[in-house]
Amino acid sequence: MSIRVRFAPSPTGLLHVGNIRIAILNYIFAKKNSGKFVLRIDDTDTERSTKESEELILEDLRWLGIQWDEFYKQSNHFAKYAAAMDHLKKIGRVYACYETKEELSLKRKIQASQGVPPVYDRASLQLTDEQKKELEAKGIKPYWRFKLNQDDVVEWNDLVHGKISIPLNSISDPILIKPDGAYVYTFASVVDDVNIGITHIIRGDDHITNTAAQIDMFKTLSENIPQFAHVPLLSSLDGQDVSKRTGSPLSIVNMRKDGIEPSAIWNVLATLGTSNNANYHDSVEDLIEKFSFEKMSLSSPKFNIEDVKLLTKKIIADKSFDEVKSHFADLPLFTEDFWNAIKGNIESLSDVRYWYDIFFKDIAVVKEDATFVQQMLQVLPSPFDFTQWIAELKNISGRKGRELFHPIRMVITGIEKGPELGKIATLIGYDRLKNRIEANLKAN
RNA sequence: GUCCCCUUCGUCUAGUGGUCUAGGACAUCGCCCUCUCACGGCGGCAACAGGGAUUCGAAUUCCCUAGGGGACGCCA
């Protein structure tokens, strides 16, 4: 049986590192096992789902090079859910309930104050047909719960956590259909996983309790129960669950905007919380090769955006001109020499334009020793030759080392640090150098 | 409140009773390279949450305490 995994985001907001890590893990697992990666948009919550959000999700995935083999939307599957529901009704595994939200939350409060587990008491299960009719006559619409097999203890061998066992009497009968007829994720997800033939469910370990109920549901709909891998949730540096900090720089859209490299994200997210080390040389194939759930630890790793930025810097410094030139087609002077000069000095590709301006546009004038600047102009060779220029400058000024180079750098670039001076000067070229030196003299 | 999970250098981790004066990676610091930065090379700093118990011997087993995270939705 070939392996099939799914990534099932709900289009209710931006994808963030936590989500995308799950996508990456699923993708890696699929590729590692020559399986299929299924993308499913979980949009059963029609109130909160938006088309824009869905499109952004697809864009993020494409940007990261995550290609899906199949694509589904839960909103297209209502007929399947209805059919599954009929089946559950037929075998008596669902029942209608009539409590309001307020009543349920009151029950939970009472249970909490009594120190009793907050499990639904199945009061509606005791209702007679007449009572139900009466309630419905009053205009109260039923919602439907799955009747868990309370005597059962669900056990599964989790790929990350190992053996997990949860007694079903410790959790509430899950709601499958809301009073307005809308299907709830817990149910829709199981029906889809069965229909799509998902073999491995890889998700955050906040779903562990869900899994117990869902396995009980799987048993009523299929002979095949998928395997589960519940990975520890990422936390941010201050210890919070990253998903609770959306809209922050942790969203993929923002990272893309900040010039983060996709492969930096891959490297960090595919290795974080595992005993593998992130290494900017590693390709996606390398990461797939190295990955294993056995290498994943059980505690929540902290995600630090700085790790991604650092890797981005190293990855960029490693890129060839051909790999980046298409990004800068609008810059006429973006040449291979220019790229090679600056690539070690940039944090992200957006910094290219910063250096471009320093090389080829106007710079700030920084006051330096006028005599020396005058000498710079005096021996400026035409055609320009850096080695010759420096040799002569050294000669007539008697300067060397930092004394010699620092003022040159300041006069011709206006800033303290940057790429190798010889490369800079050569690229700036005779005319611009002459102008800059003259402008500096004038300012003096 | 109930249930579940977790706790080794700043960070991610190796470690499954002696091979641990606890290993690696990233970060950091120093040196080398060098006109600056980065890269690279070499080296340094740096951790078993606390307390008991078991044992000849515990990071490793057990108990307690503390701390952290998660679940308990007509969200996904």
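Report on the accompanying structure.

About the cut-offs
- Residues numbered from 1 in each chain as written.
- Chains lettered and ligands numbered in written order.
- Predicted model: local features only at pLDDT ≥ 70, side-chain atom pairs only at ≥ 80, totals over all residues.
- Heavy atoms only, no water.
- Pairing = 2+ DSSP bridges.
- Helix = DSSP H or I, 4+ residues; strand = E, 2+ residues; numbered from the N terminus.
- Right-handed = clockwise from strand over helix to strand, strands pointing away.
- Phe/Tyr/Trp six-rings, centres within 6.5 Å; stacked < 30°, edge-to-face > 60°.
- Buried < 20%, exposed > 50% of the residue type's maximum accessible area, 1.4 Å probe, protein only.
- Lys NZ or Arg CZ within 6 Å of the ring centre and 35° of its normal.
- Near = heavy atom within 4 Å.
- Polar contact = N/O pair within 3.5 Å; in protein donor to acceptor, adjacent residues only side chain to side chain.
- Nonpolar A, V, L, I, M, F, W, Y, C, P; charged D, E, K, R; others polar.
- Core = buried A, V, L, I, M, F, W, Y, C linked by side-chain atoms within 4.5 Å.
- Contact = heavy atoms within 4.5 Å.

**Concerning the pairing of strand β3 (residues 70-73)**
Here comes step 1: Across 4 bridges, strand β2 (residues 36-41) lies against β3 in parallel orientation. Across the sheet, residue Val 38 finds its bridge partner in β3, namely Glu 70.
Here comes step 2: For the crossover from β2 across helix α2 (residues 51-63) to β3, the handedness is right-handed.

**Here we look at the packing of aromatic side chains**
Here comes step 1: For the structure shown, the criterion picks out 23 aromatic pairs.
Here comes step 2: Both rings, one in Tyr 183 and one in Phe 187, keep their centres 6.0 Å apart while their planes meet at 35°; by these two values the pair is tilted. The same class applies to Tyr 183 and to Phe 187, which are both buried.
Here comes step 3: Relative to Phe 360, the ring of Phe 359 lies with its centre 5.7 Å away and its plane at 65°, an arrangement referred to as edge-to-face. Considered together, Phe 359 and Phe 360 belong to a single accessibility category, that of buried residues.
Here comes step 4: Among the aromatic residues, those joined into a cluster by ring pairs are Phe 321, Phe 328, Phe 334, Phe 338, Trp 339, Tyr 354, Trp 355, Tyr 356, Phe 359 and Phe 360.
Here comes step 5: Cation over ring: Lys 89 sits above Trp 144, and NZ or CZ is 4.4 Å from the ring centre.
Here comes step 6: Over the aromatic face of Tyr 120 sits the side chain of Arg 145, whose NZ or CZ is 3.6 Å from the ring centroid.

**A look at the protein's contact with RNA strand B**
Here comes step 1: By nearness alone, 49 residues border RNA strand B, and Arg 48, Lys 178, Pro 179, Ser 299 and Gly 418 come closest of all.
Here comes step 2: For RNA strand B, the backbone makes up 70% of the atoms found within 4 Å of the protein, where backbone means sugar plus phosphate.
Here comes step 3: At a separation of 3.3 Å, a sugar or linking oxygen of RNA strand B approaches a polar backbone atom of Pro 118.
Here comes step 4: In this structure, a sugar or linking oxygen belonging to RNA strand B sits 3.0 Å away from a side-chain N or O atom of Thr 209.
Here comes step 5: Of all the elements in the fold, those that place two or more residues in the surface near RNA strand B are α4 (101-113), α7 (208-221), α11 (305-317) and α17 (401-413).
Here comes step 6: Top element by residues in the surface near RNA strand B is α4. It accounts for 4 residues.
Here comes step 7: Taken together, the residues of the surface near RNA strand B sort by class into 16 nonpolar, 18 polar and 15 charged.

**Description of the nonpolar core**
Here comes step 1: Counting 47 residues, the largest nonpolar core has Ile 20, Ile 66, Met 255, Ile 265, Phe 293 and Phe 303 as the members making the most contacts within it.
Here comes step 2: When neighbours within four sequence positions are excluded, Ile 66 is seen to be in contact with Ala 23, Ile 24, Tyr 27, Phe 37, Leu 61 and Trp 266.
Here comes step 3: In this structure, Val 324, Phe 372, Val 373 and Phe 386 belong to the second largest nonpolar core, which totals 39 residues.

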